[in-house]
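Given next are the chains, with one letter for each unit.
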Amino acid sequence: MNPNTVSLEDSFGSSSVYAKLSVLTLIAAAFRSHLTDLMAAADRDGGLPDGPQILDAMAEALSSQMGAIREPSAALVVWDQFRGRLTVAWTLGTTTTQVIDRIEQDLTTRTNATAPQFAERFLHEANVRAAEWISQYILPNLGRPAITPAPVRVTWDQKAESYCASASRLTGTIGWTLQPSKHSFYAGLVAERVLEHEYLSHLLPGNLKLSKGIREVWLMETLEEEHRNDQYIALHRKQVLLTVWTWFRMELENHFIRKGVLERGIFTRFEDLAIRIRRRSLSSFWQMTGDIINLSAHQDPAPIERALKMLRPLPDEILDALTIPWTGFAPCLENARMMGIDKM
Amino acid sequence: MQAVERKFGQQFLLARAATRFRRFTINELHRATEVPENTIYSFVARLHRRGDLETEELSSVHPGRPRKRYLLTESGLDYLLRRNALVISLAQGEQVSGTAPIVPTTPAIITPQVQSTPNVATWYSSAAAGAGQPSPARPVAREQDDESDEGLVAAY
């Protein structure tokens with residue numbers, strides 16, 4: 001497959017920077033192939049480390065070594081560090097060891113094969129899957145046509161200060177940022193979901209002024225809940241991916257809250273609301289999400305923000321009264337005003 | 001008083017993590033929230049008593065008690081979502097500016113204020129009174145001598 005949706009910024013002209021991206025994608029690809037087996041094996045062996053702790057050990061090893069990586073074969077050095085960490089900290093069970101051996105074999109084969117443009121292909125395939133998934137599961141609910149994969153531009157952020165992915169509505173492109181941080185490894189494991197989030201939260205909404213709370217919480221929960229309810233993926237695989245995704249989100253949030261990039265308050269303003277409304281009325285939920293996504297550039301997003309903030313802490317009975325059936329954000333606020341609860 | 005604040009925040013963090021994971025072990029909740037394990041055991045036991053958790057025993061090749069994984073049931077999820085909404089409503093009742101709400105890693109003292117403008121906190125109060133249940137202020141006070149936050153949720 002020709003990786004025609006992925007391009008690299010100039011810094012990847014340096015072989016050592018390109019090697020960092022290669023190592024990340026090689027390791028992520030090797031883990032992805034055995035992820036379900038790994039988590040099941042850790043469960044079967046019981047005790048510690050559990051599956052997420054094994055992944056965390058690799059995330060640690062990779063992020064700490066990222067700066068020193070100069071060539072793709074360093075993937076095997078990072079691997080040795082990872083195994084060293086596991087051995088020092090824990091006694092691995094037999095089944096877990098067998099799966100880790102298989103991942104090692106897989107990684108060695110991929111690394112020695114030195115497939116040209118492996119990293120670009122890895123991201124391109126994830127991008128195609130992301131666009132397909134959004135087109136198939138999200139857009140029909142919003143009355144929007146299917147989309148084609150957007151161009152992905154990969155950048156290197158040595159200080160890990162920007163988002164690990166971004167999107168420009170103006171140019172219609174997605175940015176993928178390689179960073180020496182733990183969440184980069186998790187992002188590689190669930191690359192298509194990271195890209196799906198960029199489509200849903202940043203490329204699809206027509207209004208550029210939607211707040212971070214709406215994009216990073218409401219729309220993120222929309223995506224997450226749709227995956228939870230995905231009937232077309234084996235239950236165990238789905239649970240594993242959701243676990244990895246949840247650890248990724250938590251790792252990412254903590255990183256950006258520590259760096260002061262993200263304000264923790266956006267979560268308390270909106271968190272859970274999408275899930276609650278979705279569970280109480282699927283039709284209201286999709287109409288609300290449709291109103292958010294389809295808000296045009298010249299419309300004011302403030303009523304949406306105000307209404308969601310107002311709805312977030314309401315008890316079920318009032319939440320239902322204001323959202324079922326859904327009549328729009330302005331009528332919702334007007335009804336709340338008449339009920340005397342618009343000051344929240 | 002500080003101990004009360006800490007407990008309140010810990011319950012919120014645990015509920016938040018549980019609604020995200022839906023399937024979790026004690027160890028995972030501990031790593032995600034950094035809440036002490038004893039508090040997590042109480043949290044899990046309370047949900048279990050309510051019938052809000054299903055338990056999966058993980059086989060173990062290691063000696064000792066087998067590890068357990070808990071699955072949040074649909075009713076458990078509803079319960080925790082409602083409870084977190086209540087926490088936020090009480091926290092917002094406390095805020096004057098309405099900006100930067102609190103995720104209580106170092107939580108605020110959450111006591112609903114009497115306000116001239118009707119708000120959801122007062123609605124909770126009247127709804128609870130109508131149902132013959134304690135007002136929302138009471139369970140917060142209960143936390144001073146009781147770890148349980150069951151009463152807090154009774155307002156629903």
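Residues numbered from 1 in each chain as written. Chains lettered and ligands numbered in written order. Predicted model: local features only at pLDDT ≥ 70, side-chain atom pairs only at ≥ 80, totals over all residues. Heavy atoms only, no water.

S.K.: Requested: an account of the interface of chain B and chain A, with residues and values cited.
M.R.: Each partner contributes residues to the interface: chain B has 40 residues there, and chain A has 43 residues. Interface area, chain B with chain A, both sides summed: about 3,900 Å², of which 53% is carbon and sulfur. Three residues stand out in chain B for area buried against chain A, namely Arg-20, Arg-67 and Leu-81 of chain B, and they jointly supply 17% of the buried area on that side. If you look at where chain B meets chain A, you find 10 salt bridges. Across the pair Arg-16 of chain B and Glu-253 of chain A runs a salt bridge, and its minimum N-O distance is 3.6 Å. There are 12 residue pairs in polar contact (both at pLDDT 80 or more) connecting chain B and chain A. (Contact = heavy atoms within 4.5 Å. Buried area = accessible area lost by both parts, 1.4 Å probe. Salt bridge = Lys/Arg side-chain N within 4 Å of Asp/Glu carboxyl O. Polar contact = N/O pair within 3.5 Å; in protein donor to acceptor, adjacent residues only side chain to side chain.)

S.K.: Talk me through the packing of aromatic side chains; I want residue IDs and the actual numbers.
M.R.: Residue and element names in this part refer to chain A. Per the stated rule, a full pass over the model turns up 14 aromatic pairs over all chains. Their ring planes at 35° and their centres at 5.2 Å tell us that Trp-133 and Tyr-137 sit as a pair that is tilted. Within this pair, Trp-133 and its partner Tyr-137 are both found in helix α5 (residues 118–142), separated by 4 residues, close to a single helical turn. Relative to Trp-286, the ring of Phe-285 lies with its centre 5.0 Å away and its plane at 70°, an arrangement referred to as edge-to-face. (Phe/Tyr/Trp six-rings, centres within 6.5 Å; stacked < 30°, edge-to-face > 60°. Helix = DSSP H or I, 4+ residues; strand = E, 2+ residues; numbered from the N terminus.)

S.K.: An account of the environment of Arg-237 of chain A is requested, with residue identities and associated values reported.
M.R.: All names here are of chain A. With respect to the helices, strands and loops of the structure, Arg-237 is situated in helix α9 (residues 235–258). Placed 79 residues apart in sequence, Arg-237 and Gln-158 show a C-alpha to C-alpha distance of 33 Å. Contacts of Arg-237, omitting those with residues within four sequence positions, involve Arg-32, Leu-35 and Thr-36. At a separation of 3.0 Å, a polar atom in the side chain of Arg-237 contacts the side chain of Thr-36.

S.K.: Let's hear about the sheet that holds strand β1 (residues 23–24) of chain B: which residues, and what values?
M.R.: Residues and elements named next belong to chain B. Strand order in the open sheet formed by 3 strands is β1-β3-β2, with antiparallel pairing between adjacent strands. At either margin of the open sheet sits one strand with a lone partner, and together these are β1 and β2 (53–57). Pairing geometry for β1 and strand β3 (residues 68–72), over 2 bridges, is antiparallel. Following the sheet pairing, Arg-23 is matched in β3 by Leu-71. (Pairing = 2+ DSSP bridges.)

S.K.: Which residues make up empty space enclosed by the protein, and what are the values?
M.R.: Scanning all chains against the criterion turns up 5 cavities of 30 Å³ or more. Along the walls of the largest cavity sit Met-39, Asp-43, Gly-51, Pro-52, His-236, Val-240 and Thr-243 of chain A together with Arg-23, Glu-28 and Arg-69 of chain B, which together make up its complete lining. Elements supplying a minimum of two residues to the lining of the largest cavity: α1 (15–45), α2 (51–65) and α9 of chain A. The greatest single-element share of the lining of the largest cavity, amounting to 3 residues, is contributed by α9 of chain A. Per-class residue counts for the lining of the largest cavity are 3 nonpolar, 3 polar and 4 charged. (1 Å grid on protein atoms, 1.4 Å probe; cavity = no way out; pocket = protein on both sides within 12 Å on 5 of 7 lines; lining within 4 Å. Points joined across faces, edges and corners; volume = space filled by probe spheres on them. Nonpolar A, V, L, I, M, F, W, Y, C, P; charged D, E, K, R; others polar.)

S.K.: An account of the packing of α1 of chain A against helix α4 (residues 94–113) of chain A is requested, with residue identities and associated values reported.
M.R.: Helix-helix packing is described using two parameters, namely the angle between the two axes and the distance between the axes. All names here are of chain A. One way to put it is that α1 packs onto α4 with a least axis distance of 8 Å and a crossing angle of 175°. Classed by the angle they form, the pair α1 and α4 counts as roughly antiparallel. Partitioned by chemical class, the residues of the contact of α1 with α4 number 12 nonpolar, 6 polar and 6 charged. (Axes fitted to C-alpha atoms, helices over the stretch in contact; angles between N-to-C directions. Parallel < 35°, antiparallel > 145°, perpendicular 65-115°, else oblique.)

S.K.: Run through the nonpolar core, naming residues and quoting values.
M.R.: The nonpolar side chains of soluble globular proteins are, as a tendency, buried together. Residues and elements named next belong to chain A. Judged by nonpolar contacts, the single largest core of 138 residues is most densely connected at Ile-27, Phe-31, Leu-55, Leu-62, Phe-82, Trp-218 and Leu-308. Here this core takes 16 residues from α1, the largest share from any one element. Once residues lying within four places of it in the same chain are set aside, the contact partners of Ile-27 are Met-58, Leu-62, Ala-75, Val-78, Leu-107 and Phe-185. (Core = buried A, V, L, I, M, F, W, Y, C linked by side-chain atoms within 4.5 Å. Buried < 20%, exposed > 50% of the residue type's maximum accessible area, 1.4 Å probe, protein only.)

S.K.: Could you give me a rundown of the pairing of strand β4 (residues 173–178) of chain A, with the residues and numbers involved?
M.R.: Residue and element names in this part refer to chain A. The buried count for β4 comes to 5 of 6 residues, which makes it a mostly enclosed element. Where strand β2 (residues 152–156) meets β4, 5 bridges bridge the pair, whose relative direction is parallel. Counted as the bridge partner of Arg-153 is Gly-175 from β4. The pairing of strand β3 (residues 165–168) with β4 spans 4 bridges and is antiparallel. Counterpart to Ala-165 in the pairing with β4 is Trp-176. The turn linking β3 back onto β4 is made up of 4 residues, and Gly-172 within it adopts a positive phi angle of 70°.

S.K.: For the confidence of the model for chain A, give the residues involved together with the corresponding values.
M.R.: Per-residue confidence for chain A gives a mean pLDDT of 92; residues scoring 70 or more make up 98%. Taken element by element, chain A is modelled with least confidence in helix α10 (residues 265–270) of chain A, mean pLDDT 77, and with most confidence in helix α12 (residues 282–293) of chain A, mean pLDDT 97. (pLDDT = per-residue confidence, 0-100.)

S.K.: Break down the pattern of salt bridges for me, with residues and values.
M.R.: Oppositely charged side chains are able to pair whenever their charged atoms sit close together. A full pass over the atoms with the stated rule returns 30 salt bridges over all chains. Among the ionic pairs, Arg-82 of chain B bridges to Asp-316 of chain A, the shortest N-O distance being 3.7 Å. Placement of Arg-82 of chain B in helix α4 (residues 74–94) and of Asp-316 of chain A in helix α14 (residues 316–323) is noted, with the two residues assigned to different chains. The class of Arg-82 of chain B is partly exposed, set by a relative accessible area of 22%. In this structure, Arg-50 of chain B engages Asp-52 of chain B in a salt bridge whose closest nitrogen and oxygen atoms are separated by 2.6 Å. Through salt bridges with shared partners, one network takes in Glu-224, Glu-225, Arg-228, Arg-249, Glu-253 and Glu-271 of chain A together with Arg-16, Arg-20 and Arg-22 of chain B.

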